[in-house]
Amino acid sequence: MTKEEIFNILNELTSCYSFGRILGYIQFETGMGAVGLLQNSQLANDKRLMASEKNLLTGMWVNNIDLSKTSWNVHEDQSTLDKLYSIMDDLHNCYQYTEETTFEEQIKEIAFYEGDEGFDKQFVRFAMKKYGHAELNYCLEKHYSLSVSRFASTYSKMKRLVEMQISRRIEATKNKSHRYISPLNAFTIKEKDLIKHFTPEERIVIDTFTTVLGVDRGESPIRDIADRNEYLFRPIIKLPNDKGRFIPDFNAIAIAFNETPMFFIRDTKEFKEKELGQIIGEAAEDLVVDILCKRFPSENIIARRKIRKAKTGNETSEIDVLLHVPESNAVVVFQVKSKRLKESSRQGNKNELFKDYEAAINKAYEQGLACIDCLKHYSDYESIKDLSFMNSQTRFFALCITLDQYPTITTQGHCLLSPSYRPDTPPITMTALDLDEVMDMIPRDEFINYLSVRTELINSDIRGLNEMFYIGAYVLNALEGPVYITKKNITREHAIFGDYIYNEFIQRGRKINSFDDIAQFISKNPIPTIQCQ
């Protein structure tokens, strides 16, 4: 089928209220818990849906719903679901690249078919840190009565309520007091429960991120997976006739917490663009410092220091964030940008893609190199001459960090190397979410070696589609497991393994102090065989 034929069918399906049940079934089949997620991630493309595909379908349902239309019977749900998986596989094939596919088309496929760039608790925590900045927090409170400090409690309560009611319904089915679990109701929180379990501030958070089904629609029809999707800005769906708030995907809420408030802030016109950029930049740098403090003492970290020849002279360069690792005689320079990947870039617009690369990666890298050059001669600069821990043997690493999701940053960092590229200090590109995952999963005494391996892989043009590919491969190698590289690409098994370990440890509140922790866990809880599709 052509893409146009596929979207014609999807438009018809998503115009029916019954499609909400299909979204519920998809949530059930995605799997709950780390083992369920692991198993689902290994299914063939025609048996599973990526986050972007689920978001596309939900957005089309919100856009196309006709509440006056007669829906299909519940007994037709399974055949409809089977048909949908087949259609979505055909749609994926429309974007999947081959040897002849252009780089721009490859970027588009990577951006929409490699899953989310982080985990739900990360997104919620990052949102509270970013919008917890005094001026941004005040703006949201003043114009929207939105309390950022309530994001975590609101999210955890919603998730816990849904998980509890699903458990109760499954138990009722086992006891045969009910034969059928409505997948729509299972992921819906009733209005009476909102009043009972949530504070007034938390209910404002829920209302702020709610889309009213049949009322709130996007301005334009969705005809491509890369089209603007209004559902993503407010991913809690209020059902008609006071049936409650339907939550098709919890991760979408966590991501919206992290991204939507910035649109609110811009709409208020409270800040000039330059002023807002400075505030966000400071928030981003503070976030990177917080992430590094998970593994390293604060006295090893320097942030926001100008580099000047004289006390009152013009700045030559600037340290965004610097990490000194004395036991490895290494210095890591972080250049932090708040640049996002534009929608047009995700859609494969070559010119816009290269502009984003220039702003988010190339500029950051060149600033990092300029900073490193100054650090190598620190005694020549009045403002940094106290950094006497450096010597001629100190190793330097340049990390380019973006604040928010930037799904192709790793690929761009490999494929679009700067003219200033230095093999001894290549650009290691990642998002703040990626860095957070590295800090959680790579022990302190392994961090510099991890960066050294990343450097070697860049120079050898061996790529992972995102940071979890590298993390998974590095951890597997440390555990003396197999590492697979095909056509200079780290294979997907490693990302699946990394995601599984992250869910079992970090999402559950456990710490990885050494790789022995992972080895002991695996010895007691053998991981199901991981096969790449």
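Since we're looking at a predicted model, the values are computed, not measured. (Residues numbered from 1 in each chain as written. Predicted model: local features only at pLDDT ≥ 70, side-chain atom pairs only at ≥ 80, totals over all residues. Heavy atoms only, no water.)

A. Structural detail: the overall build of the protein chain. In terms of helices and strands, the protein chain carries 22 helices and 11 strands. Here the protein chain has a C-alpha radius of gyration of 24 Å; the compact-globule value for 533 residues is 24 Å, and the two agree. Structurally, the protein chain occupies a C-alpha span of about 75 × 55 × 45 Å along its principal axes. Classification of the 533 residues of the protein chain by burial places 54% in the buried group. Looking at the protein chain alone, contacts between residues at least 24 apart form 76% of all its contacts between residues at least 6 apart. Carbon and sulfur atoms provide 48% of the accessible area of the protein chain, an area that totals close to 23,600 Å². (Helix = DSSP H or I, 4+ residues; strand = E, 2+ residues; numbered from the N terminus. Rg over C-alpha atoms; globule rule 2.2 N^0.38 Å. Buried < 20%, exposed > 50% of the residue type's maximum accessible area, 1.4 Å probe, protein only. Contact = heavy atoms within 4.5 Å. Areas by Shrake-Rupley, 256 points an atom, 1.4 Å probe, with all protein chains shown as cover.)

B. Structural view of the packing of aromatic side chains. Counted by the stated rule, this structure contains 16 aromatic pairs. Aromatic side chains tyrosine 155 and phenylalanine 250 sit 5.9 Å apart centroid to centroid with 90° between the ring planes, which places their arrangement in the edge-to-face category. One end of the pair, tyrosine 155, is in helix H9 (residues 151-174); the other, phenylalanine 250, is in helix H13 (residues 250-268), and 95 residues separate them in sequence. Grouping residues by exposure puts tyrosine 155 and phenylalanine 250 together as buried. In this structure an aromatic cluster arises from ring pairing among Tyr144, Phe151, Tyr155, Phe209, Phe250, Phe257 and Phe264. Over the aromatic face of tyrosine 381 sits the side chain of lysine 309, whose NZ or CZ is 4.7 Å from the ring centroid. Directly above the ring of phenylalanine 505 sits arginine 510, whose terminal nitrogen or CZ lies 5.8 Å from the centroid. (Phe/Tyr/Trp six-rings, centres within 6.5 Å; stacked < 30°, edge-to-face > 60°. Lys NZ or Arg CZ within 6 Å of the ring centre and 35° of its normal.)

C. Representation of the pattern of salt bridges. Counting across every chain of the model gives 31 salt bridges. Close ionic contact of glutamate 285 with arginine 304 constitutes a salt bridge, the shortest N to O distance being 3.1 Å. One end of the pair, glutamate 285, is in helix H14 (residues 273-292); the other, arginine 304, is in strand E5 (residues 301-308), and 19 residues separate them in sequence. Classification of glutamate 285 as buried rests on a relative accessible area of 8%. Within the structure, one salt-bridge network assembled from shared partners comprises Arg125, Lys294, Asp436 and Asp440. (Salt bridge = Lys/Arg side-chain N within 4 Å of Asp/Glu carboxyl O.)

D. Representation of empty space enclosed by the protein in the model. Under the criterion given, the structure shown has two cavities of 30 Å³ or more. Size it by volume and the largest cavity reaches roughly 40 Å³. Leu23, Ile26, Gln27, Lys54, Asn55, Thr58, Tyr231, Pro248 and Asp249 are the residues that line the largest cavity. Among the secondary structure elements, those contributing two or more residues to the lining of the largest cavity are helix H2 (19-30) and helix H4 (51-64). Considering only residue class, the lining of the largest cavity consists of four nonpolar, three polar and two charged. (1 Å grid on protein atoms, 1.4 Å probe; cavity = no way out; pocket = protein on both sides within 12 Å on 5 of 7 lines; lining within 4 Å. Points joined across faces, edges and corners; volume = space filled by probe spheres on them. Nonpolar A, V, L, I, M, F, W, Y, C, P; charged D, E, K, R; others polar.)

E. Structural view of the packing of helix H7 (residues 120-130) against helix H18 (residues 432-441). At a minimum axis distance of 11 Å, the contact between H7 and H18 shows a crossing angle of 115°. For the pair H7 and H18, the sense of crossing is right-handed. The segment H7 lies against H18, with Gln122, Phe123, Arg125 and Phe126 engaging Ala432, Leu433, Asp436 and Glu437. Counted by class, the contact of H7 with H18 contains four nonpolar, one polar and three charged residues. (Axes fitted to C-alpha atoms, helices over the stretch in contact; angles between N-to-C directions. Left-handed = near helix turned anticlockwise from the far one by under 90°.)

F. Layout of the sheet that holds E5. In space, the five strands of this open sheet follow the order E5-E6-E7-E8-E9, with mixed pairing throughout. Pairing within the sheet leaves two strands with one partner each, and these edge strands are E5 and strand E9 (427-431). Each neighbouring strand pair of the sheet contributes to a mean axis angle of 35°, computed without reference to strand direction. Two elements, E5 and strand E6 (residues 315-325), share seven bridges in a ladder whose sense is antiparallel. Within the sheet, the bridge partner assigned to arginine 308 lies in E6 and is glutamate 315. Most of the contacts of H18 go to E9, to which it runs at about 95°, and overall it touches strand E7 (330-337), strand E8 (395-402) and E9. (Pairing = 2+ DSSP bridges.)

G. Representation of the pairing of E9 within the structure. With five of five residues buried, E9 is to be regarded as a mostly interior element. Neither face of E9 is left uncovered, since the one carrying Pro427, Thr429 and Thr431 and the one carrying Ile428 and Met430 both have all their residues buried.

H. Inspection of the nonpolar core at higher detail. One finds Trp61 and Phe334 to be the most contacted residues of the largest nonpolar core, which totals 136 residues. The element contributing the most residues to this core is H13, with 10 residues. Listed in part, the 21 residues of the second largest apolar core include Leu322, Cys371, Met390 and Cys400. (Core = buried A, V, L, I, M, F, W, Y, C linked by side-chain atoms within 4.5 Å.)

I. View of the packing of H7 against H14. Direction vectors running N to C along H7 and H14 enclose 130°, while the axes themselves pass 9 Å from each other. On the basis of their axis angle, the class for H7 and H14 is oblique. Taken as a pair, H7 and H14 cross one another with a handedness that is right-handed. Between H7 and H14, the contacting residues are Phe126, Lys129 and Lys130 on the first element and Ala283, Asp286, Leu287, Asp290 and Ile291 on the second. Across the contact of H7 with H14, the residue classes break down as four nonpolar, no polar and four charged. (Parallel < 35°, antiparallel > 145°, perpendicular 65-115°, else oblique.)

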